[in-house]
Amino acid sequence: MENTDLESLKTSALNAIAKASTMDEITLVRNEYLAKKSPLMALLGKMKDLDPSERAEYGARVNSAKGEISNALDAKVKILEAKELRAKLESEKIDLTLPGTSEEQGARNPFYVVKDEITEIFLGMGYEVAEGPEVESDHFNFELLNIPKDHPARDMQDSFYIDDNTLLRTHTSPVQARTMQAKKGQPIKVICPGKVYRRDDDDATHSHQFAQIEGLLIDKDVNLGHLKATLELFVKKMYGEKRQIRLRSSYFPFTEPSVEVDVSCAECGGKGCSVCKGTGWIEILGGGMVHPNVLTMSGYDPKVYQGFAFGIGIERVAMLRYGIEDIRRIYQNDLRFLDQFKKR
Ligand code: PHE
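Residues numbered from 1 in each chain as written. Predicted model: local features only at pLDDT ≥ 70, side-chain atom pairs only at ≥ 80, totals over all residues. Heavy atoms only, no water.

Undergrad: Give a detailed account of the nonpolar core, specifying residues and quantitative values.
TA: If you look at the biggest cluster of nonpolar residues, it comprises 42 residues, and the most contacted ones within it are Ile 118, Phe 122 and Phe 234. Those elements giving two or more residues to this core turn out to be helix 5 (110-124), strand 6 (209-219), helix 9 (224-239), strand 8 (255-264), strand 9 (281-290), strand 10 (306-313), helix 11 (314-322) and helix 12 (335-338). Per element, the largest residue contribution to this core is 6 residues, and it comes from helix 9. With 20 residues, the next largest nonpolar core counts Leu 145, Val 175, Val 294 and Leu 295 among its residues. (Core = buried A, V, L, I, M, F, W, Y, C linked by side-chain atoms within 4.5 Å. Buried < 20%, exposed > 50% of the residue type's maximum accessible area, 1.4 Å probe, protein only. Helix = DSSP H or I, 4+ residues; strand = E, 2+ residues; numbered from the N terminus.)

Here you go:
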C-alpha cells in the first residue's frame, strides 16, 4: 500500500476535523474515517495481503494514523463542548438588575378585619365563640328573649319569615338562649359573631342583612359595673386609650336595666362635629343586665345567677373606624373601594 494513500487520508481527516464546527459534524467525520467500513479500516484489512515481513511496519503506520485522527477528534470534541456550554450560559444569562413582575396583592374587606379584631379582643378577655343558626325559630328569636307574640318590640325587628314559626334571625340574641340551654346552669362567657336579617329598606345606614357580635356573661354576683368595665376595655382596645364611653338608659325586652352605649367622638375628641352630629358621642352598641325572665326560661335561677349581654353592630364599627359613609360599600365588592384597604 502506498504511503501517500495513508497520508492523504490522514490529512483529509484532520482537515475535516478542523473544519467541523458542531458536534453533529464531528460525529459525521468520526463515522466517515473510523467506522468499520471506512477507507482507513479498509487499509488495515489489506494487511493480510502483505508479505509478513512488511506487516508489522505497515500496521504500525496505519494505527498511528488512526490514533492521530482519533486524538484530533477527541480534542475537537472537548473544544466544541466548551464552546456549546459557553453559548448555553450566554443564552441563559439572567439579568438580575431587571425589575421583577410582582403579584397583585388583594386586600381583606374591612368588615372581616373589624370582625376579627373585635373577636380577638374578647378572646383576650377569656370569652369563647358560640354559634347559632341564621334560620331561627320564633321561640328562640323572640319568645325566650321575653318578646311574646304581639309584643310591640317585634315591630322594630320585622323579618323574613319562612313559615309562621321560622324566620331569618333578626339579631344574634337567640344565641344567648341557645347557649344557656346548652350550658345547663353553668357560668357562661361567650361572644357570637354572625349575620342577622331585618326587613329594612336598604340605604346608606341600613341593610336587610348585616352582622352583629353578641356578648353574654352569666355568673354569680354580676352587676352593671362589670358590663361597663368590659365595654370600656373593649372600646379602648378598639378605638384607642383616649376614647371614653357613656351609658344611656334604653329599653330591650331581654335586658333590665338596658343601656345604649356611646363612645366619645374620635374626630373632635368630644367637642362636637359633623361626624357625631354635634353631640361629641357616637352610639355603638346596646346591652344590659339579662332579664330575670330570660334567665328563668332557659334554666338559670335569677336569685343565684345574674348576667350581662350586649350586641355590637360590626358594620357600624367598621364604618366609624374607616370613615365609610355608606354601608352598601361593604357588600358590593367594588375593587376601587377594597383596594383602599391594602396594606402598604
Ligand atoms: N339584640 C339587640 C339588637 O339587635 C342588641 C342587644 C343585645 C341588646 C344584647 C341588649 C343585649 O338590637
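Undergrad: How would you sum up the packing of helix 2 (residues 23-34) against helix 4 (residues 52-91)? Please name residues and give values.
TA: Packing of helix 2 against helix 4 brings their axes to within 10 Å, and their N-to-C directions diverge by 170 degrees. Here helix 2 is positioned roughly antiparallel relative to helix 4, judged by the angle of their axes. Only Lys 66, Ile 69, Ser 70, Leu 73, Asp 74, Lys 76, Val 77, Leu 80, Glu 81 and Glu 84 of helix 4 make contact with helix 2, whose side of the interface consists of Met 23, Ile 26, Val 29, Arg 30, Tyr 33 and Leu 34. A class-by-class count of the residues in the contact of helix 2 with helix 4 yields 9 nonpolar, 1 polar and 6 charged. (Axes fitted to C-alpha atoms, helices over the stretch in contact; angles between N-to-C directions. Parallel < 35°, antiparallel > 145°, perpendicular 65-115°, else oblique. Contact = heavy atoms within 4.5 Å. Nonpolar A, V, L, I, M, F, W, Y, C, P; charged D, E, K, R; others polar.)

Undergrad: Before we move on, could you go through the pairing of strand 10 and cite the residues and values that matter?
TA: Within strand 10, 6 of the 8 residues are buried, which leaves the element mostly enclosed by the surrounding structure. Summarising the sheet, strand 6 and strand 10 pair through 8 bridges and their orientation is antiparallel. By the bridge assignment for strand 10, Leu 216 is matched with Ala 309. Relative to strand 10, strand 9 is paired through 5 bridges, and the arrangement is antiparallel. When the sheet's bridge partners are listed, Gly 287 is paired in strand 10 with Phe 310. (Pairing = 2+ DSSP bridges.)

Undergrad: Can you lay out the sheet that holds strand 2 (residues 135-137) for me, pointing to particular residues and giving the numbers?
TA: Sheet architecture is open: 3 strands sit in the order 2-4-3, paired in antiparallel fashion. The open sheet terminates on both sides in strands that have one partner only, identified here as strand 2 and strand 3 (161-163). Shown here is a sheet whose adjacent strand axes are inclined to one another by a mean of 30 degrees, direction ignored. Note: strand 3 against strand 4 (residues 166-168), 2 bridges, orientation antiparallel. Within strand 4, the residue paired with Asp 163 across the bridge is Thr 166.

Undergrad: Provide a residue-level description of the site of the ligand, including the pertinent values.
TA: Surveying the vicinity of the ligand reveals 15 residues, the closest of which are His 171, Ser 173, Arg 198, Gln 212 and Glu 214. One nitrogen or oxygen atom from the side chain of His 171 is found 3.0 Å from a nitrogen atom belonging to the ligand. Measuring from an oxygen atom of the ligand, one finds a side-chain N or O atom of Arg 198 at 2.8 Å. Within the residue set of the shell around the ligand, elements represented by two or more residues are strand 6, strand 9 and strand 10. Here the element with the most residues in the shell around the ligand is strand 10; it accounts for 3 residues. In terms of residue class, the shell around the ligand is made up of 4 nonpolar, 9 polar and 2 charged. (Near = heavy atom within 4 Å. Polar contact = N/O pair within 3.5 Å; in protein donor to acceptor, adjacent residues only side chain to side chain.)

Undergrad: Requested: an account of helix 4, with residues and values cited.
TA: With 40 residues, helix 4 ought to run about 58 Å at 1.5 Å a step, and its terminal C-alpha atoms sit 58 Å apart, in line with that. Restricting attention to buried positions, one finds in helix 4 the residues Tyr 58, Gly 59, Val 62, Ala 65, Ile 69, Leu 73, Lys 76, Val 77 and Leu 80. (Expected span 1.5 Å × (residues − 1).)

Undergrad: Describe the pairing of strand 5 (residues 188-197), naming the residues involved and giving the relevant values.
TA: Summarising burial for strand 5: 8 of the 10 residues are buried, a large majority. Bridge count between strand 1 (residues 128-129) and strand 5: 2 bridges; the pairing is parallel. Considered in strand 5, the bridge of Val 129 is made with Ile 191. Relative to strand 6, strand 5 is paired through 10 bridges, and the arrangement is antiparallel. Its bridge partner lying in strand 6, Val 190 is registered against Leu 216.

Undergrad: Describe in detail the sheet that holds strand 5, supporting the description with residues and values.
TA: The sheet built from 7 strands is open, its strands ordered 1-5-6-10-9-8-7 with mixed pairing. Edge positions in the sheet fall to strand 1 and strand 7 (245-252), since each of these pairs with one other strand and no more. Strands in contact with helix 11 are strand 6, strand 9 and strand 10; relative to strand 10, the strand with the most contacts, it is inclined by about 55 degrees.

Undergrad: Please set out unusual backbone geometry residue by residue, giving values where relevant.
TA: What is expected of a backbone is that most residues other than glycine have negative phi and most peptide bonds are trans. Put simply, Glu 256 and Pro 257 share a cis peptide bond, and its omega is -5 degrees. You can see Pro 257 is positioned in strand 8. Despite not being glycine, Asn 333 shows a phi value in the positive range, around 55 degrees. Position of Asn 333 relative to the elements: it lies in the loop between helix 11 and helix 12.

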